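Take a look at the letters that make up each chain.
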Amino acid sequence: MKLFDVYSLYDIEPVRGKGNYVYTADGTEYLDLYGGHAVISIGHAHPRYIEAVSRQVATLPFYSNSVKNSLQQRLADLLGEISGYPDYQLFLANSGAEANENAMKLASFATGKKKILAFSKAFHGRTSAAVAATDNPKIQAPLNRTDNVDFVALNDIDAARKRLATGEYAAVIVEGIQGVAGIRMVDDEFLRQLAEAAKASGTLLILDEIQSGYGRTGKFFAHQYAGVRPDIITCAKGIANGFPMSAVLIAPEIKPVKGMLGTTFGGNHLACAAAIAVLEVMRDEKLIENAAATGEYLLNELAKIPGLSDVRGRGLMIGVEIEGSAPEFRRKLLFDHRIFTGGAGEHTVRLLPPLTIGKKEADHFLTELRGCLKTNVKAGVHSPEVDFGMN
């Protein structure tokens, strides 16, 4: 059997990880500033994570949601405490797309409406409703295209208000920071006014914190900089440090009905053990505070480097705009400088490292980046490759 060939792969295979680094079979070390699409939150192979997952897999890795699982409530209590949403309800799933799918479905159930308002360049996943609310026709099959999703420009509050005033939308969905679009910032004032407009029109506000949540921006959720409280929040990526898991946080006003949502694997014992370990490490090692401090340092230092046309982000969710081809630049960083980074379009390098990186790793990256920029200018490299569709 052949693998279904849908991924553009680097000719490199990490076989081991430790902390902020990954290693190939020959022992070559690479600094990981991408964390496999923002998934590695507490570093590779954290001892407490290994112990928690190993213990659970040796006792009961899985049973379905037909029986009680006290680990789910332990996770809910800890997540509520650390995130600042102790009064919200928790539905557990397996991926970011699945979380967004269930969030929009729940909004439709709660309001009795079927339309969704989304924003230009949004990415919410690849499943049916999630990809319909994603502003990228290249990854939408004919089945996914629908009149039930409308798009307006990000940060255009007048356009959003005009749409919401019709009262026809179940929900408006927006990312805390647009990740796949290239670390595009959602203005705090725009988000505050959007929340007000949604409430006034009877529309639920869904905050997609799949990539921007879980401490990455220096707060637990990116939207907390704006001081809003969404009706529904989705998270995944760093929630279980590599174990497939996602979550939907649901305001107490939205009432559950038996059977309205469901999943076989969501919230299984092994996933919950992994997610509990992640939150305990984040709390005890003050990783959210570290993300804020290290991110601020990186953003300040990156802004001083000639040859970067723009630097955007919060905490450890950073977009670096370069002149020329970002895909080729990332390739040079990887193979010549042994640093993993991410992409988002033709000119943006994305940094989504573990929340454990410190000044030592930041300084190493800054030194290597300057060197890569010098060789890039000399070479005059340009490439047509674009990887907008990556998560």
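To be clear, the structure that these remarks concern was listed above.
**Comments concerning helix 2 (residues 47-57)**
And step 1. Here helix 2 has its buried residues at Tyr49, Ala52, Val53 and Gln56. The buried residues of helix 2 occupy an angular sector of 90° when the element is viewed end-on, so they sit on one face.
And step 2. Close packing links the buried residues of helix 2 with helix 3 (70-83) and helix 8 (269-284).

**Observations regarding the packing of helix 2 against helix 8**
And step 1. Where helix 2 contacts helix 8, the axes come no closer than 9 Å and their chain directions differ by 160°. Regarding the angle of helix 2 to helix 8, the classification is roughly antiparallel. Crossing of helix 2 over helix 8 shows right-handed handedness. Note on element contacts: helix 8 touches helix 2 through His269, Leu270, Ala273, Ala274, Ala277, Val278, Glu280, Val281 and Asp284, opposite Arg48, Tyr49, Ala52, Val53, Gln56 and Val57.
And step 2. The residue inventory of the contact of helix 2 with helix 8, partitioned by class, reads 10 nonpolar, 2 polar and 3 charged.

**Digging into the side chain of Gln140**
And step 1. Here Gln140 shows up in the loop between helix 5 (128-132) and strand 6 (149-152).
And step 2. The contacts of Gln140, once residues within four sequence positions are left out, are Val131, Ala132, Thr134 and Arg145.

**Some remarks on the side chain of His46**
And step 1. Structurally, His46 is set in the loop between helix 1 (35-38) and helix 2.
And step 2. Relative accessible area serves as the criterion here: at 10%, His46 is assigned to the buried category.
And step 3. Beyond its immediate stretch of four places on either side in the chain, His46 contacts Val281 and Glu285.

Basis of the calculations
Throughout, residues of each chain are indexed from 1 in the direction in which the sequence is written. Totals for whole chains, interfaces and linings use all residues, but because this is a predicted model, local features are given only for residues with pLDDT of at least 70 and pairs of side-chain atoms are given and counted only at 80 or more. To obtain the side-chain values, all non-hydrogen atoms of the structure were used and water was disregarded. Accessible area is worked out with a 1.4 Å probe on protein chains only. A residue is then buried under 20% of its type maximum, exposed over 50%, and partly exposed in between. Note on conventions: DSSP H or I runs of at least 4 residues are helices, E runs of at least 2 residues are strands, and numbering of each starts at the N terminus. The arc refers to the directions leading from the helix axis to the C-beta atoms. A contact between two residues is defined here by any heavy atoms of the two lying within 4.5 Å. All axes are obtained by fitting lines to C-alpha atoms, using only the stretch in contact for helices, and the reported angles, taken between N-to-C directions, cover 0 to 180 degrees. Angular relationships are summarised with four words: roughly parallel below 35 degrees, roughly antiparallel beyond 145, roughly perpendicular across 65 to 115, and oblique for the angles in between. Left-handed describes a crossing in which the near helix is turned anticlockwise from the far one by less than a right angle; the clockwise case is right-handed. Polar here means any residue outside two lists: the nonpolar Ala, Val, Leu, Ile, Met, Phe, Trp, Tyr, Cys and Pro, and the charged Asp, Glu, Lys and Arg; Gly therefore counts as polar.

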